[in-house]
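A closer look at the structure
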Amino acid sequence: MSVTVELESDLSVEVDTCVNDIVGVLNSQHAALVDQVVALLADSRLWAGEGMTSMSAWVAWRAGMSPAMARSVVAIAERVAELPASIEAFRRGELSLDQMATIARNAPAWADVQSRDYAIVMTVTQLRQVLRKYPFPVLDEEGHEVPDADTDAPESGDTDPVDTPEDEADTD
């Protein structure tokens, strides 16, 4: 009986290692796609044309992605400069496209490191719930909390944390 358990344990470790390697490569390749979209956003002549109405439509077409997933890629690309810690973890394969999209849609730039740290240990569903409901304080230009500010209002430049169809695309 102990031999069987030992063999199953060895197989389980091997499978976990293999899956971790595959997922890490997949995540880093998604990050590479985001980096290409950053470059494309800088010059619409590289992607705009007949029938191409938006960057996300182009990504959906070229990457064979659903429109919702393509919008996620573009949402991340639009916030690359604001979220350096999360983006670096994404490039290393530590964060998935869904985790990174959740951070890009919901976290203020100043909460980048904390959001990345949450993403590493939470499921996507948990991360979505935490980042949507977290009462991020409003900060002034110097990084000080603004008293009596409307904490439900997104900061300037942040994306609207409203539930969107792409946020609800997966179910547990």
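Structural notes, computed from the coordinates. Keep in mind that this is a model prediction, so the values were computed, not measured. (Residues numbered from 1 in each chain as written. Predicted model: local features only at pLDDT ≥ 70, side-chain atom pairs only at ≥ 80, totals over all residues. Heavy atoms only, no water.)

When you go through the protein chain residue by residue, the secondary structure sums to seven helices and zero strands. Along its sequence from the N terminus, the protein chain presents helices and strands in the succession α-α-α-α-α-α-α. Here the protein chain, with 172 residues, has 33% of them falling under the buried criterion. Contacts in the protein chain between residues far apart in sequence, at least 24 positions, make up 61% of those at least 6 positions apart. If you sum the accessible surface of the protein chain, you get close to 10,400 Å²; carbon and sulfur atoms cover 55% of it. (Helix = DSSP H or I, 4+ residues; strand = E, 2+ residues; numbered from the N terminus. Buried < 20%, exposed > 50% of the residue type's maximum accessible area, 1.4 Å probe, protein only. Contact = heavy atoms within 4.5 Å. Areas by Shrake-Rupley, 256 points an atom, 1.4 Å probe, with all protein chains shown as cover.)

Attention now moves to the nonpolar core. With 33 residues, the main nonpolar core has Met55, Val59, Ile76, Phe90, Met100 and Ile103 as its most contacted residues. Only helix H1 (2–41), helix H2 (55–63), helix H3 (67–77), helix H4 (84–91), helix H5 (97–106) and helix H7 (124–133) provide two or more residues apiece to this core. If near-sequence neighbours (up to four positions away) are discounted, Met55 is found in contact with Val37, Leu40, Leu41, Trp47 and Val74. (Core = buried A, V, L, I, M, F, W, Y, C linked by side-chain atoms within 4.5 Å.)

Another aspect to go through is the pattern of salt bridges. What the rule picks out here adds up to six salt bridges. Arg79 serves as the salt-bridge partner of Glu82, at 2.9 Å between the closest nitrogen and oxygen. In this structure, Glu94 and Arg92 form a salt bridge, with 2.8 Å as the shortest nitrogen-oxygen distance. By relative accessible area, which is 39% here, Glu94 ends up partly exposed. Each of Asp35, Glu88 and Arg91 takes part in a single network of salt bridges with overlapping partners. (Salt bridge = Lys/Arg side-chain N within 4 Å of Asp/Glu carboxyl O.)

We now examine the packing of aromatic side chains. On inspection of all chains with the given rule, the structure shows two aromatic pairs. Judged by centre distance (5.8 Å) and plane angle (85°), the rings of Trp110 and Phe136 are edge-to-face. Of this pair, Trp110 sits in the loop between H5 and helix H6 (112–121) while Phe136 is found in the segment after H7, placing the two residues 26 residues apart along the sequence. A relative accessible area of 38% means that Trp110 is categorised as partly exposed. The exposure class assigned to Phe136 is buried, which follows from its relative accessible area of 12%. Summarising the aromatic geometry, the rings of Tyr134 and Phe136 are spaced 4.6 Å apart at their centres and angled 55° between planes, so their arrangement reads as tilted. In this structure an aromatic cluster arises from ring pairing among Trp110, Tyr134 and Phe136. One cation-aromatic arrangement involves Arg62 over Trp61; the distance from NZ or CZ to the ring centre is 5.1 Å. (Phe/Tyr/Trp six-rings, centres within 6.5 Å; stacked < 30°, edge-to-face > 60°. Lys NZ or Arg CZ within 6 Å of the ring centre and 35° of its normal.)

Before going further, it helps to examine the side chain of Arg79. Residue position: Arg79 is located in the loop between H3 and H4. A polar contact is formed between the side chain of Arg79 and the backbone oxygen of Ala104, at a distance of 2.6 Å. (Polar contact = N/O pair within 3.5 Å; in protein donor to acceptor, adjacent residues only side chain to side chain.)

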